[in-house]
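Okay, here's what each chain looks like letter by letter:
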Amino acid sequence: MRVAPRIAVRGARVADAPALAHVHRESWRTTYAGILPADFIAQQAGYRSPRSWARRLAAPLAESAHFVAEADGEIVAFASCGPARHRLEGLECEIYALYVLQPWQRRGVGRALVRACAAHFVRHGHFGFYLWVLKANRARLFYERMGGEELGEKRERLGLHAFAELAYGWHDLSALIGP
């Protein structure tokens, strides 16, 4: 009988930069295949370098955080969160990115990272957040299952390509962070 690996979530460190870059690149390749043009995915995946991650982790923005999820000592996912770039329905916080390597999806990793971000927001006196997801991305169903409420839609340009994005929000974080 195969035992499921234990998932541990912790704050990211500068030494994690190569692993974060790997998760970011690979997640872009698998998540957006069939949604975004292949040449654009390849171009954007190249921007997720260990050096850029090291810079972000060494000088985080105020009240922002980066979390990693580890399984058997390997980083398999990450989330970045902090103050909202734009206020949406009075929500002051945002999850900027959440990426999980494909073999680790549907195993509770994303849920654990969303909860870590929610707990981070509450520690800083905020009780709601939102995030944006491409409308064509199946991951939006994950956010719906986690209780995210669809707040709006916008058109965004990624390079020469226009895509619809949906905002999902949580106005009450008590259900996400638990007792």
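Residues numbered from 1 in each chain as written. Predicted model: local features only at pLDDT ≥ 70, side-chain atom pairs only at ≥ 80, totals over all residues. Heavy atoms only, no water.

A.B. asks: What is the right way to look at the packing of helix 1 (residues 17–31) against helix 3 (residues 50–58) in this model?
C.D. replies: For any two helices packed against each other, the geometry comes down to the angle between their axes and how far apart the axes lie. Where helix 1 contacts helix 3, the axes come no closer than 8 Å and their chain directions differ by 120°. By the angle class used here, helix 1 and helix 3 are oblique. Both helix 1 and helix 3 take part in a crossing whose hand is right-handed. Where helix 1 abuts helix 3, its residues Ala-17, Pro-18, Leu-20, Ala-21, His-24 and Arg-25 lie against Pro-50, Trp-53, Ala-54, Arg-56 and Leu-57. Grouping the constituent residues of the contact of helix 1 with helix 3 by class yields eight nonpolar, one polar and two charged. (Axes fitted to C-alpha atoms, helices over the stretch in contact; angles between N-to-C directions. Helix = DSSP H or I, 4+ residues; strand = E, 2+ residues; numbered from the N terminus. Parallel < 35°, antiparallel > 145°, perpendicular 65-115°, else oblique. Left-handed = near helix turned anticlockwise from the far one by under 90°. Contact = heavy atoms within 4.5 Å. Nonpolar A, V, L, I, M, F, W, Y, C, P; charged D, E, K, R; others polar.)

A.B. asks: Please explain the packing of aromatic side chains as it appears in this structure.
C.D. replies: The description of two aromatic rings rests on the distance between their centres and on the angle between their planes. Inspection of every chain in the model, using the stated rule, returns ten aromatic pairs. Aromatic side chains Tyr-143 and Tyr-168 sit 6.4 Å apart centroid to centroid with 35° between the ring planes, which places their arrangement in the tilted category. Note that Tyr-143 is positioned in helix 5 (residues 139–145) and Tyr-168 in strand 7 (residues 161–170), a separation of 25 residues in sequence. In textbook terms, an aromatic cluster arises when at least three aromatic residues are bridged by ring pairs, as seen for Trp-28, Tyr-32, Phe-40, Trp-53, Phe-78 and Tyr-99. (Phe/Tyr/Trp six-rings, centres within 6.5 Å; stacked < 30°, edge-to-face > 60°.)

A.B. asks: Explanation requested: the environment of His-171 in the structure shown.
C.D. replies: Here His-171 shows up in the loop between strand 7 and helix 6 (174–177). For His-171, a relative accessible area of 41% gives the class partly exposed. The sequence separation of His-171 and Phe-127 amounts to 44 residues, and the corresponding C-alpha distance is 6.6 Å. Leave out the neighbours within four places in its chain, and His-171 touches Glu-89, Leu-91, Phe-127, Gly-128, Glu-149 and Leu-151. Here the side chain of His-171 touches Glu-89 through a polar contact of 3.4 Å, side chain to side chain. (Buried < 20%, exposed > 50% of the residue type's maximum accessible area, 1.4 Å probe, protein only. Polar contact = N/O pair within 3.5 Å; in protein donor to acceptor, adjacent residues only side chain to side chain.)

A.B. asks: Any chance you could explain unusual backbone geometry here in plain terms?
C.D. replies: One non-glycine residue, Glu-89, adopts positive backbone phi at about 50°. Judged by its relative accessible area of 48%, Glu-89 is partly exposed. Phi is positive for Arg-106, close to 65°, though the residue is something other than glycine. As for its placement among the helices and strands, Arg-106 is situated in the loop between strand 4 (91–100) and helix 4 (109–123). Given a relative accessible area of 78%, Arg-106 falls into the exposed group.

A.B. asks: Sorry if this is basic, but what is going on with helix 1 here?
C.D. replies: Residues lying three or four places apart along an α-helix face the same way, a consequence of the helix completing one turn every 3.6 residues. Relative to the 21 Å expected for 15 residues at 1.5 Å per residue, helix 1 spans 20 Å between its end C-alpha atoms, a close match to the ideal helical length. Turning to helix 1, its buried residues number three or more, namely Ala-17, Leu-20, Ala-21, Val-23, His-24, Ser-27, Trp-28 and Thr-31. When helix 1 is viewed along its axis, its buried side chains cluster within an angular range of 165° and face the same direction. (Expected span 1.5 Å × (residues − 1). Arc of directions from axis to C-beta.)

A.B. asks: How should the sheet that holds strand 5 (residues 129–134) be read in this particular structure?
C.D. replies: The pairing of strands in a sheet happens through backbone hydrogen bonds and is either parallel or antiparallel. One open sheet accounts for seven strands, arranged 1-2-3-4-5-7-6; its pairing is mixed. The sheet is open, and its two edges are formed by strand 1 (7–11) and strand 6 (149–158), each paired on a single side. Strand-to-strand twist across the sheet, computed as the mean angle between neighbouring axes with direction ignored, equals 30°. Bridge count for strand 1 against strand 2 (residues 65–71) is five bridges, and the pairing is antiparallel. Looking across to strand 2, one finds that Ile-7 is bridged to Ala-71. Helix-sheet contacts for helix 1 involve strand 2, strand 3 (74–88) and strand 4, and the interaxial angle to strand 3 is about 80°. (Pairing = 2+ DSSP bridges.)

Shape descriptors only; they carry no functional weight alone.
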